[in-house]
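Notes for the structure review
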Amino acid sequence: MERSFDDFVATRSTRLLRTAYLLTHDRALAEDLVQASLAKAWFAWGRIESRPEAYVRRVMVNTYSSWWRRRWNGEEATAELPERHDAHRLHGAENARVDERTDLWRALERLPKRQRAVVVLRFYEDLSEAETAEIMQCSVGTVKSQASRALAKLRIDPTLAPNSDEERVR
């Protein structure tokens, strides 16, 4: 039993850490999340040995949600609007891609936790709707509706809006 758990950790920890980072967007918190999830998995290993990855992902999503359950998730009013700039004019094309990724990260951070979890599991981890539903302990319909709402919010996010007519055409 101990050897199979060690093998699982050795082979899957990098991928689990990536999922945790996509959920938290913080390296230290991601490491803590993986560690806490693996600790819970160790105690349940006899029951979950046949499908450990799905169990560990479920524990990660649930732990992630519970860590921030009491933290308010809404918008905060500010006196200044964020600056927009034409990334292609101010930076080279490579820096523009980095800026676009940063904008996407920020837009993902503004999503509610369950919607972000669905986006991470469905589109970053490339899990099916059924697998995502199993991990999140909800119905496939809930996964579909959460994904739909998340994508709708991302579509209207001002930081992801194209800056020029040329970008709109792409």
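About the cut-offs
- Residues numbered from 1 in each chain as written.
- Predicted model: local features only at pLDDT ≥ 70, side-chain atom pairs only at ≥ 80, totals over all residues.
- Heavy atoms only, no water.
- Axes fitted to C-alpha atoms, helices over the stretch in contact; angles between N-to-C directions.
- Helix = DSSP H or I, 4+ residues; strand = E, 2+ residues; numbered from the N terminus.
- Parallel < 35°, antiparallel > 145°, perpendicular 65-115°, else oblique.
- Contact = heavy atoms within 4.5 Å.
- Nonpolar A, V, L, I, M, F, W, Y, C, P; charged D, E, K, R; others polar.
- pLDDT = per-residue confidence, 0-100.
- Buried < 20%, exposed > 50% of the residue type's maximum accessible area, 1.4 Å probe, protein only.

At their nearest, the axes of helix H7 (residues 129–136) and helix H8 (residues 140–156) sit 8 Å apart, and the two run at 100° to each other. Accordingly, the angle class assigned to the pair H7 and H8 is roughly perpendicular. Between H7, through Glu129, Ala130, Thr132 and Ala133, and H8, the contact on the second element is made entirely by Val140, Val143 and Lys144. When its residues are assigned to classes, the contact of H7 with H8 shows 4 nonpolar, 1 polar and 2 charged.

Bringing the confidence of the model for the protein chain into the picture now. Of the residues in the protein chain, 74% have a pLDDT of 70 or more, and the chain-wide mean is 81. This stretch, residues 85–91, has a pLDDT under 50; its non-local contacts, to residues over four places away or in other chains, come to 14 contacts.

A few words now on the environment of Ser65. Summarising the element assignment, Ser65 is placed in helix H3 (residues 52–67). Overall, Ser65 belongs to the buried group, its relative accessible area being 13%. C-alpha separation for the pair Ser65 and Leu23, spaced 42 residues apart in sequence, amounts to 9.6 Å.

With that settled, the discussion passes to unusual backbone geometry. If a residue is not glycine, its phi is most likely negative; likewise, a peptide bond is most likely trans. In this structure, His25 is a non-glycine residue whose phi angle is positive, near 60°. Its location among the elements puts His25 in the loop between helix H1 (2–24) and helix H2 (27–48). Of the residues examined, His25 reaches a relative accessible area of 23% and is grouped as partly exposed. The phi dihedral of Asp126 falls on the positive side, at around 60°, and the residue is not glycine. Secondary-structure assignment places Asp126 in the loop between helix H6 (113–124) and H7. When its relative accessible area of 65% is taken as the criterion, Asp126 is described as exposed.

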